[in-house]
Structures are given as C-alpha cells and as structure tokens.
Amino acid sequence: MKKKIIIVGAGISGLSAGVYAVRSGFDAEIIEQHFTFGGFSTSWKRKGYYFEGGMHWLTGSSPKVPLNRVWKETGALQENNPVENRDPFYTLIDGEKKLRFWRDLNRFKTELLEFAPEDKKNIKKLCSDIKAFRHVNMPMRDVKGLKTKHPCKLTISQTLAMLPAGLRYFRLKNTSYLDYIGKFKNETVRHLLLSIVGHRYNALSFIYTMSSIATGDSGFPLGGSIRMAQNMLDTFLSLGGKITYSTKVEKIITEKFIDKNKNEKQKVVAIKTDKGEIKCDSVIVTQDTRVAIDNLFEEKIETDWAPRMRKNVTGSENVFVALGVKADLSHYPYSMVFPLKEKIEFAENEFSELRIYNYAKYSGFAPEGGTPLTCILLAPYYDYWKKAKLDGTYKEKKDALAQKFIEAVSKFIPEVTKESVEVYDVATPLTYERYCSAYQGSWMSIWKPRTSRFHYPQTIKNLEGVYFAGQRIMIPGGLPIAVYTGRRAVQLVCRDNDVEFV
Ligand SMILES: Cc1cc2nc3c(=O)[nH]c(=O)nc-3n(C[C@H](O)[C@H](O)[C@H](O)COP(=O)(O)OP(=O)(O)OC[C@H]3O[C@@H](n4cnc5c(N)ncnc54)[C@H](O)[C@@H]3O)c2cc1C
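Calculation rules
- Residues numbered from 1 in each chain as written.
- Predicted model: local features only at pLDDT ≥ 70, side-chain atom pairs only at ≥ 80, totals over all residues.
- Heavy atoms only, no water.
- Near = heavy atom within 4 Å.
- Polar contact = N/O pair within 3.5 Å; in protein donor to acceptor, adjacent residues only side chain to side chain.
- Areas by Shrake-Rupley, 256 points an atom, 1.4 Å probe, with all protein chains shown as cover.
- Helix = DSSP H or I, 4+ residues; strand = E, 2+ residues; numbered from the N terminus.
- Expected span 1.5 Å × (residues − 1).
- Buried < 20%, exposed > 50% of the residue type's maximum accessible area, 1.4 Å probe, protein only.
- Arc of directions from axis to C-beta.
- Pairing = 2+ DSSP bridges.
- Axes fitted to C-alpha atoms, helices over the stretch in contact; angles between N-to-C directions.
- Domains from an automatic or database assignment.
- Contact = heavy atoms within 4.5 Å.
- Buried area = accessible area lost by both parts, 1.4 Å probe.
- Salt bridge = Lys/Arg side-chain N within 4 Å of Asp/Glu carboxyl O.
- Core = buried A, V, L, I, M, F, W, Y, C linked by side-chain atoms within 4.5 Å.
- Phe/Tyr/Trp six-rings, centres within 6.5 Å; stacked < 30°, edge-to-face > 60°.
- Right-handed = clockwise from strand over helix to strand, strands pointing away.

**Some points on the site of the ligand**
- Taken together, 35 residues form the shell around the ligand, and within it Glu-32, Phe-40, His-56, Trp-443 and Gln-471 come nearest.
- Note that an oxygen atom of the ligand is positioned 2.9 Å from one of the backbone N or O atoms of Ser-13.
- Separating an oxygen atom of the ligand from a backbone N or O atom of Tyr-435 is a distance of 3.4 Å.
- Taking 1000 Å² as the accessible area of the ligand by itself, protein coverage stands at 97%.

Here is the structure:
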C-alpha cells in the first residue's frame with residue numbers, strides 16, 4: 001500500500017509538492033478550494049481580453065541557474081512555453097525622453113551616464129552592486145539525511161563566486177530601497193529605479209532583482225501563469241496524481257500517540273473538508289502558512305517559530321488594474337514606466353510613477369486590434385478595502401479607482417480613453433484573500449530594512465506528518481519560494497518515511 005499524502009492547495013507550491021510526491025512513490029491527492037488550479041499564478045479573460053495576473057518575471061527561468069532544474073523537473077517549463085527575455089526590461093517614457101533598463105549592464109550604465117552625468121558616482125556604485133550579485137542565486141539545498149540519487153550541492157567555486165556579494169550584503173540589507181534610490185539627483189533616474197520592487201523593501205531585494213535580470217534570468221515563459229501551472233498540473237496527473245476541486249480543507253485532524261522514547265506526541269490521521277473526511281498519512285499545507293497556523297488546526301499553532309511568523313509577516317498587497325483597450329498599442333514597449341509630475345492618490349496611497357505592462361504583441365491575448373494593459377499598484381491598503389466592504393462602498397470605490405487610472409494613463413497613451421476601454425477589471429487585497437485565502441490578500445512578504453532573512457521550518461515540533469510549503473516560508477516569497485518549498489516538503493516526508501526522494 002502506498003502512503004497517502006494530502007496536499008492542501010493547487011497553487012505553484014501545491015503542484016510542485018504533488019509532482020515530487022508521486023515521483024517519489026506516494027499516493028498524492030491535491031485538495032483545492034477553488035474550481036481551478038494555479039492559485040495566485042493565474043490569468044483570466046474578460047470580453048475577449050486576456051489579463052495576465054500572476055507573473056511578470058520568473059526567477060530560475062535561465063538554464064544557467066540552479067533553480068531552473070526545479071522548474072524543469074516539475075514540468076513547469078517545457079517546449080510549449082519558451083522563455084522570452086524581454087530587453088529592455090523597463091522603458092521609462094517622459095514625453096520625448098526615454099530611459100531604459102537594459103539587461104546588458106554595460107549598456108545600461110552607458111545610457112544612465114549619458115542621461116544623468118550628475119549621478120556618475122551613484123550610477124557606478126549601483127552597477128558595481130548589481131555586478132557583485134551576479135553569481136548569487138537562490139540557495140538550493142536538500143534536507144539533511146535525505147536519500148536521493150540526484151542531490152543538490154553548492155560547490156566550492158559557487159560559494160567563492162558569491163564572496164563579492166557577501167561583503168555588500170549587510171550594507172544593502174540595512175538600507176531601505178527608498179534611501180538607496182533617494183541618493184540619485186536625477187528625478188527621471190529615480191522614477192525608473194523606483195519601479196523595480198515595492199517601496200517598503202530593503203535595498204538588497206532591489207539589487208538582487210536587478211542582478212538576476214542583468215544576468216539573463218527572470219524571463220517570461222510564453223503563455224504566462226496559466227500555461228506554466230497547466231504544465232505542472234498535466235505532469236502531476238500524468239504521473240498518477242489526483243486532484244479534487246471546489247473542496248475546502250477546514251481542519252487537520254490529529255491524534256495523540258506515544259513514541260518509542262515514551263514521549264507523548266501528535267500525528268496527523270485525516271483532514272476534514274466541507275465535503276467530508278479523508279484519511280491520510282501526511283499532509284502538506286500550501287495554504288498561506290500565516291493563515292494556516294491560526295485556522296487549520298483544532299487550536300492555534302504555538303510551536304517555536306509561530307509567534308515569530310505572526311510578528312514578522314508584512315504582506316505585499318496590491319491593487320491590480322487591467323484594461324482591455326480597443327487600440328493596437330504594439331508600437332509601445334512591453335513594460336513602461338510613466339513618471340508622474342504630481343503624485344496620484346489611489347485608495348489613500350500616493351504614487352509617483354505608473355508601471356504598465358502592455359500585452360499588444362502577444363497573440364491570442366485580445367480581440368483583433370485590441371490590447372490588454374495591466375498595472376499593479378503596490379501599497380499597504382488592506383484596511384482601506386476592508387472598511388469599504390463593510391460600509392458598502394467597495395464596488396463604487398473600485399470603479400472610481402479604475403476611472404481615475406484610465407484618466408492618468410490617457411495622459412501618457414492617448415489611445416487610452418474612456419471610450420476605447422472596452423472592459424476593465426480591478427482586483428484588491430480582498431479579491432486575493434477570497435480567492436486564495438492568503439493573509440490580507442498578500443502574495444509575498446516584504447523584506448524590510450534591518451530585518452533578517454526569515455526562513456521558517458516546514459514542520460512543527462511534536463506533530464508528525466504535517467508539513468508546510470508555499471510563498472510564506474521564506475522571505476520575500478513569490479514563485480521561486482513556492483516551487484522550492486513544495487519540493488522541500490516532499491523531501492521532509494521522504495526523510496521521515498525512509499523513502500528515496502526522486
Ligand atoms: C499580480 C501579481 C503579480 C505577481 N508577479 C510575480 C512575479 O513576477 N514573480 C514572482 O515570483 N511572483 C509573482 N507573484 C507572486 C506569486 O504569484 C505567488 O507568490 C505564488 O503564486 C504563490 O504560490 P503558492 O503556491 O505559495 O500560494 P497560492 O498561490 O496562494 O496557492 C495556495 C492554494 O491553496 C488554495 N487553498 C488555500 N486554502 C485552502 C484550503 N483551506 N483548502 C483548499 N485549498 C486551499 C488556494 O485556493 C490556492 O489555490 C505575483 C502575484 C500577483 C498577484
């Protein structure tokens with residue numbers, strides 16, 4: 001009899017766990033509350049316009065980085081979704097002026113120096129910081145005591161190559177992103193650089209992201225979020241995995257037992273869903289861990305790392321605005337940054353630039369002659385939307401935000417008008433909370449200045465058979481952490497059951 005693993009959630013982490021679990025010989029079943037798969041990694045159609053809503057770039061998309069192996073093993077990256085390395089990565093457009101973030105660091109540096117000679121010192125420092133991180137990739141390690149024929153190892157040369165970054169690590173970790181960019185005298189350069197990560201992050205997150213782009217990683221797999229998730233699901237099902245949709249896991253049922261050292265412990269025996277109970281030997285929880293430790297057990301989890309997680313999680317919240325525009329915008333670049341002369345307020349938060357993604361060149365994304373545009377407005381406004389929901393103004397506020405957004409964009413892209421916008425969609429943190437049951441609707445954790453890089457254990461002391469995975473396990477989260485921790489959770493199951501990890 002194969003041992004039964006239940007996986008809570010069919011996001012990227014759950015699909016990753018599912019693939020590795022069946023490969024390693026377990027009877028794996030994913031239980032998803034929603035009628036579909038992908039979690040945050042999703043896209044949807046409105047009036048023929050396809051809105052990419054879960055991925056702008058994929059860390060690990062380059063075959064040269066260790067994480068690429070995981071995207072391949074899980075079937076996420078295949079021949080049907082070749083990776084596109086857009087270049088320039090961002091184009092700032094200010095009237096006739098253009099400033100681009102090129103992947104080629106020398107080209108980027110030359111363009112910056114020509115554009116803002118007054119910032120020579122800052123530009124050189126920025127490029128040198130980016131260069132120092134070019135050999136820093138997400139650390140891939142197997143769990144201790146694992147049996148596997150294909151171990152992940154960090155070689156001595158890889159470790160040595162990371163040394164230049166190590167020397168800058170603490171300075172950047174303790175500096176805020178805003179302070180780092182604030183040193184640049186040229187306002188346009190500041191606008192371009194301020195559109196890379198959310199404003200509340202540390203400078204390290206910014207430099208790491210820039211570096212990963214500059215080294216040829218962080219591409220966009222064609223077909224976007226959905227094709228990637230679909231590839232993972234197909235891989236899981238083809239290996240014999242099972243998925244059950246529209247079923248919410250309400251509780252994880254455990255019972256007491258005495259271990260061989262005569263210690264009293266708990267172990268998982270089943271899960272309770274809104275459709276009934278399912279017996280199992282292990283559970284991998286990929287629902288946001290911050291929520292799961294409070295809601296998914298008979299009592300709130302108070303293991304050693306739980307208070308730390310409750311205290312430290314600051315979620316990255318956003319409002320996602322998507323427009324279906326009846327105009328061919330293929331003469332505009334893919335990702336545009338528009339600097340605002342005067343800040344604009346959206347949902348009580350001010351924005352000094354708009355970063356717009358333009359999907360005009362992607363076939364099948366719009367009706368003939370149309371273009372989908374999307375934008376994420378990153379800000380801490382969960383409470384604002386929660387209040388709007390409670391006082392009955394939620395829909396009205398979403399519509400008002402969309403109208404204001406259209407007006408703002410029309411100043412930069414004249415083809416965008418109230419008449420040419422055939423459809424718009426606005427997703428708030430409440431949309432994400434409802435859709436994925438994530439903490440305050442957040443899909444990453446903010447790595448703030450002067451804080452450590454949190455990495456939570458994926459197990460609970462004295463509770464056997466329960467494992468956690470997903471974006472919340474390691475700061476800052478996102479797709480790489482989701483896929484990696486799904487894999488790691490299965491490694492822990494293998495280790496605990498003395499099974500070889502495949
Ligand atoms: C607009 C946007 C842009 C983004 N861009 C990027 C990007 O460019 N690069 C990047 O790396 N990341 C990006 N992200 C973040 C990334 O998409 C997420 O971090 C990642 O998909 C999280 O995956 P996950 O599996 O950990 O969690 P989730 O996607 O939340 O998956 C959890 C799943 O569990 C299900 N679930 C929850 N509770 C239960 C329950 N009790 N019972 C049953 N099922 C349950 C949920 O429905 C969900 O399907 C973006 C996100 C958004 C919203």
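There's more to say after this.
**Regarding helix H14 (residues 394-410)**
- With 17 residues, H14 should reach 24 Å at 1.5 Å per residue; the first-to-last C-alpha distance of 24 Å fits that figure.
- Turning to H14, its buried residues are Tyr-394, Lys-398, Leu-401, Ala-402, Phe-405, Ile-406, Ala-408 and Val-409. The arc enclosing the buried residues of H14, seen along the axis, measures out at 165 degrees, which places them on a common side.

**Some points on the sheet that holds strand E16 (residues 349-358)**
- Strand order in this open sheet of 7 strands is E7-E6-E15-E16-E17-E14-E18, and the pairing throughout is mixed. Edge strands, defined here as strands with exactly one partner in the open sheet, are strand E7 (97-101) and strand E18 (421-427). The average undirected angle you get between the axes of adjacent strands in this sheet is 25 degrees.
- Where strand E14 (residues 318-325) meets strand E17 (residues 371-378), 8 bridges bridge the pair, whose relative direction is antiparallel. Across the sheet, residue Gly-324 finds its bridge partner in E17, namely Pro-372.

**Quick look at the domain arrangement of the chain**
- Domains assigned within the chain are domain 1 (4-44 + 66-78 + 222-313 + 450-497), domain 2 (96-214) and domain 3 (318-441).
- Between domain 2 and domain 3, the C-alpha centre-to-centre distance is 28 Å.
- Each partner contributes to the interface: domain 2 provides 8 residues, whereas domain 3 provides 9 residues.
- Taken together, both faces of the contact between domain 2 and domain 3 bury some 670 Å²; the carbon and sulfur share is 59%.
- When the buried surface of domain 2 facing domain 3 is broken down by residue, His-191, Ser-195 and Arg-200 rank first, second and third, together holding 66% of it.
- For the pair domain 2 and domain 3, the number of links is 0 salt bridges.
- One can count 4 residue pairs in polar contact (both at pLDDT 80 or more) joining domain 2 with domain 3.

**Some remarks on helix H16 (residues 479-497)**
- Along its 19 residues, H16 runs 28 Å from first to last C-alpha, staying within 8% of the 27 Å computed at 1.5 Å per residue.
- Most of H16 is tucked away, with 16 of its 19 residues classed as buried.

**Observations concerning the pattern of salt bridges**
- Following the criterion strictly, the structure yields 24 salt bridges and no others.
- Between Lys-97 and Asp-94 there is a salt bridge; the shortest N-O distance is 3.7 Å.
- Classification of Lys-97 as partly exposed rests on a relative accessible area of 40%.
- Owing to a relative accessible area of 16%, Asp-94 belongs among the buried residues under this scheme.

**Notes on the nonpolar core**
- Within the largest apolar cluster, 121 residues are counted, with the highest numbers of intra-cluster contacts made by Trp-71, Phe-108, Leu-126, Phe-206, Ile-284 and Phe-468.
- If one sorts the elements of this core by residue count, H16 sits on top with 10 residues.
- Excluding residues within four positions of it along the chain, Phe-206 makes contact with Leu-126, Tyr-177, Tyr-180, Ile-181, Leu-193, Ile-196 and Val-197.
- In this structure, Ala-360, Ala-379, Tyr-382 and Val-409 belong to the second largest nonpolar core, which totals 39 residues.

**What to know about the packing of aromatic side chains**
- Per the counting criterion, the structure on display carries 29 aromatic pairs.
- On the basis of an interplanar angle of 85 degrees and a centroid distance of 5.6 Å, the ring pair of Tyr-334 and Tyr-359 is categorised as edge-to-face. Residue Tyr-334 is located in the loop between E14 and strand E15 (335-346), and its partner Tyr-359 is located in the loop between E16 and E17; the two are separated by 25 residues in the primary sequence. This pair shows no difference in class: Tyr-334 is buried, exactly as Tyr-359 is.
- Aromatic pair Tyr-362 and Phe-365: ring centres 5.4 Å apart, planes at 40 degrees, arrangement tilted.
- The class of Tyr-362 is buried, set by a relative accessible area of 12%.
- Residue classification places Phe-365 among the buried positions, given a relative accessible area of 6%.

**Regarding the pairing of strand E1 (residues 4-8)**
- In terms of burial, E1 is a largely internal element, 5 of the 5 residues being buried.
- Residue alternation in E1 divides its side chains into two sets, Lys-4, Ile-6 and Val-8 and Ile-5 and Ile-7, and both sets are buried.
- Pairing analysis gives 5 bridges linking E1 to strand E2 (residues 27-31), with the strands arranged parallel. By the bridge assignment, Ile-7 is partnered in E2 with Ile-30.
- Regarding topology, helix H1 (residues 12-23) serves as the crossover connection from E1 to the parallel E2, and that connection is right-handed.
- Two elements, E1 and strand E13 (residues 282-285), share 4 bridges in a ladder whose sense is parallel. Looking at the pairing, Ile-7 lines up with Ile-284 of E13.

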